[in-house]
Amino acid sequence: MNMKDSAVIPHSHLSDDELDEILIGIATDDASAHLAHCTSCGQRLAAFQSQLDAFNHATMAWSEARANSISRDLLAHKLTPRVTLKAAWSSAAVAVLALAFAVGGRHYASETAPMETAQAPSAASSPDDVRQHEIDSDNAMLAAIDDEIVTPQPDRFGLYEPAKASTHVSQSIPEQARD
Amino acid sequence: MTTNTSACIALEWPLTSKGRAIGELEDIDTLVKTYRSRLLRFVTFSTGDPDLAETITQDCLLKAYNARESFRGDSSINTWLTSIAVNLIRDHQRTQKFKFWKQAKASAVDVTDVASFIASEHSTPEAQLIAKQQVARLSGILDTLSLNQRTVFLMKFSDEMDLADISEAMNMPINTVKTHLHRALKAVRSQLGAQS
C-alpha cells in the first residue's frame, strides 16, 4: 500500500515503508497528518522509538563508563612525538653504513701507510701515540669482525663451502664498506 | 550602510560558530571530553569490537587534533569527527580484513554488560528487565546488518545526525544513505517482530 492509498482510505494505517519514512524524516505530509490522528500508528511508532531510546541510553552510559575507565594518559602519551619503528630502522641502517665507511677508510689508511704506524714515537701523551692507539683499536675491531664473519654460515640454499666462505670473507670487508 | 550592517549580522553567527568549533579543536582535553564517549559508542557498535573501537577512537581524536588546521568549519565538528572515524574503520577493514573479523569475534560487545547500563528511570524491576531485553535484542540485530547499514543506522538513530550530515560523513549520495536506512530499518523491524 502506498501513501496515497492510506490518505484516501481513512481507516487504513500506515504501511511499514511509510513508518520507516517517518522515522528517517522523509515522510510525506499525508503520512504525517495520518500519524497525528491515528492512535494505532502512533503506538507502533512509539513502541519502536522506545526500543531505540532504551538502546541509546544504555549504550551511551556504557560508553561513558568505558571511556572514563581508559587511562587519560594514553592520549597524552600519543600526543608526544615518538620515534616510529620505521624511523628507528632507518637511523640504525644509516649508523651501520656510517660505521662501515669509517672502518673501511681507516683500514685502507692503515694498509697504505704501514711505516708510519710502525714508526710511532713512544711518548705516551703525544698525538701520534693517540693515533697509534686508535689504529690498534681499529685493528682489533677488524679482527673481531673477521672472526665473526669467518664463523660458518650456511648460504640461502643450504650449500655451505667453508673454504670458499673464508676466502670470500677476507675480500668482503672493503665491499661492505663500499655499500 | 544598512546592507553592510545586515551582511555583517548575517555573517556573525557562522563566524562565531566556526570560531567556537576551532576553539574546541585547539584544546585536546575539551575535544576528548566532549566527543570521546559518543565516538566510542559509534565505533564500538559499528565494528562490534570494543577493543578495536578504543584504538580507532583514540586515533580519530588524535588525527582530528593534528589536522585541526584543515578543519574548514563547513560542517560540525561532530560530522567531521564521524567522517574521520568512518574512514579509519574502512581503512582497518581494507588492510586487515581477516584479522578484523577474527578480532570482532574474539572481542565482541558484551550485550548483557551494555544492557546493565539501562537508565534507572525504568522504575519497576519488570520494566528494567524488558528494557534490558530490548537493548540486548537490538544490539544483536545490529550485528546482522552490513557495515554500511549499521553505520548509517547508528548515525541516524543514535547520534541523531541528519541525512545531509550522514551523506557527508559517509561520503555517499543522500539517496544511497536513504536506501541503506530503509534496508536497515526493514531488517531491524522484521527481526524485532520475529523475536517478540
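Here is a short report on the structure shown in this document. A quick note: this is a predicted structure, and the numbers were derived from the prediction, not measured.

What counts, and where the lines are drawn
Residues numbered from 1 in each chain as written. Chains lettered and ligands numbered in written order. Predicted model: local features only at pLDDT ≥ 70, side-chain atom pairs only at ≥ 80, totals over all residues. Heavy atoms only, no water. Helix = DSSP H or I, 4+ residues; strand = E, 2+ residues; numbered from the N terminus. Expected span 1.5 Å × (residues − 1). Bend = angle between axes of the 7 residues up to and from the residue. Axes fitted to C-alpha atoms, helices over the stretch in contact; angles between N-to-C directions. Parallel < 35°, antiparallel > 145°, perpendicular 65-115°, else oblique. Left-handed = near helix turned anticlockwise from the far one by under 90°. Contact = heavy atoms within 4.5 Å. Nonpolar A, V, L, I, M, F, W, Y, C, P; charged D, E, K, R; others polar. 1 Å grid on protein atoms, 1.4 Å probe; cavity = no way out; pocket = protein on both sides within 12 Å on 5 of 7 lines; lining within 4 Å. Points joined across faces, edges and corners; volume = space filled by probe spheres on them. Buried area = accessible area lost by both parts, 1.4 Å probe. Salt bridge = Lys/Arg side-chain N within 4 Å of Asp/Glu carboxyl O. Polar contact = N/O pair within 3.5 Å; in protein donor to acceptor, adjacent residues only side chain to side chain. Phe/Tyr/Trp six-rings, centres within 6.5 Å; stacked < 30°, edge-to-face > 60°. Buried < 20%, exposed > 50% of the residue type's maximum accessible area, 1.4 Å probe, protein only. Lys NZ or Arg CZ within 6 Å of the ring centre and 35° of its normal.

Residue and element names in this part refer to chain B. The terminal C-alpha atoms of helix 2 (residues 28-47), which comprises 20 residues, lie only 25 Å apart, well short of the 28 Å expected from a rise of 1.5 Å per residue. When the local axis directions of helix 2 are compared, the greatest deviation, roughly 50 degrees, occurs at Tyr-35. Of the residues flanking the end of helix 2, it is Gly-48, one or two places downstream, whose phi is positive at about 80 degrees.

Moving on, we come to the packing of helix 2 of chain B against helix 8 (residues 147-157) of chain B. Residues and elements named next belong to chain B. Look at helix 2 against helix 8: their axes get within 9 Å of each other, and the N-to-C directions meet at 155 degrees. By the angle class used here, helix 2 and helix 8 are roughly antiparallel. Taken as a pair, helix 2 and helix 8 cross one another with a handedness that is right-handed. Contacts from Phe-42, Phe-45 and Ser-46 of helix 2 reach helix 8 at Leu-147, Arg-150, Thr-151, Leu-154 and Met-155. Taken together, the residues that form the contact of helix 2 with helix 8 break down as 5 nonpolar, 2 polar and 1 charged.

Residue and element names in this part refer to chain B. Counting across every chain of the model gives 1 cavity of 30 Å³ or more. When its volume is computed, the largest cavity comes out at roughly 50 Å³. At the level of secondary structure, the elements contributing two or more residues to the lining of the largest cavity comprise helix 4 (77-95) and helix 8. Among the residues making up the lining of the largest cavity, the classes are represented as 4 nonpolar, 3 polar and 1 charged.

Residue-level contacts link 44 residues of chain B with 32 residues of chain A. Summing both sides of the interface, chain B and chain A together bury roughly 3,600 Å²; the carbon and sulfur share of this comes to 67%. At the boundary of chain B with chain A, the tally comes to 4 salt bridges. Applying the counting rule to chain B against chain A returns 11 residue pairs in polar contact (both at pLDDT 80 or more). Among the elements of the structure, helix 2, helix 3 (50-66), helix 6 (111-115), helix 7 (125-144), helix 8 and helix 10 (174-195) of chain B are those that each provide at least two residues to the side of chain B that touches chain A. Top element by residues in the side of chain B that touches chain A is helix 2 of chain B. It accounts for 10 residues. Partitioning the side of chain B that touches chain A into residue classes produces 23 nonpolar, 7 polar and 14 charged.

As enumerated under the stated definition, the model contains 4 aromatic pairs over all chains in all. Ring centres 5.0 Å apart and planes at 50 degrees place the aromatic pair Phe71(B) and Trp80(B) in the tilted group. By the burial criterion, Phe71(B) is buried, and Trp80(B) matches it. Aromatic ring contacts, followed pair by pair, group Phe55(A), Trp62(A) and Phe45(B) into a single cluster. For the cation-ring pair, Arg68(B) lies above Tyr65(B), with the distance from its terminal atom to the ring centre recorded as 4.1 Å.

Tallying each qualifying case throughout the model produces 9 salt bridges over all chains. Arg44(A) is the partner of Asp16(A) in a salt bridge, and the nearest nitrogen-oxygen pair spans 2.7 Å. In this pair, Asp16(A) is assigned in helix 2 (residues 16-24) and Arg44(A) in helix 4 (residues 39-69), connecting sequence segments 28 residues apart. Between Asp51(B) and Arg66(A) there is a salt bridge, with the nearest N and O atoms lying 3.1 Å from each other. Here Asp51(B) is found in helix 3, whereas its partner Arg66(A) is found in helix 4 on a different chain. The network of salt bridges with shared partners includes Asp16(A), Asp20(A), Arg44(A) and Arg189(B).

What follows deals with unusual backbone geometry. All names here are of chain B. We note that Glu-160 has phi near 55 degrees; this positive angle belongs to a residue other than glycine. Tracing the backbone through its elements, the reader meets Glu-160 in the loop between helix 8 and helix 9 (163-170). With phi around 55 degrees, Asn-171 is a residue other than glycine that occupies positive phi space.

This part covers helix 9 of chain B. Inspection of helix 9 of chain B places Leu163(B), Ile166(B), Ser167(B), Ala169(B) and Met170(B) among the buried residues, and these make up the whole buried set. Positive phi appears at Asn171(B), one or two residues downstream of helix 9 of chain B, with a value of about 55 degrees.

Residues and elements named next belong to chain B. Tracing the sequence through the fold places Leu-39 in helix 2. For the pair Leu-39 and Ile-56, spaced 17 residues apart in sequence, the C-alpha separation works out to 9.1 Å. In this structure, Leu-39 is in contact with Thr-57, Cys-60, Leu-61, Leu-81, Thr-82 and Ala-85, ignoring residues within four places of it in sequence.

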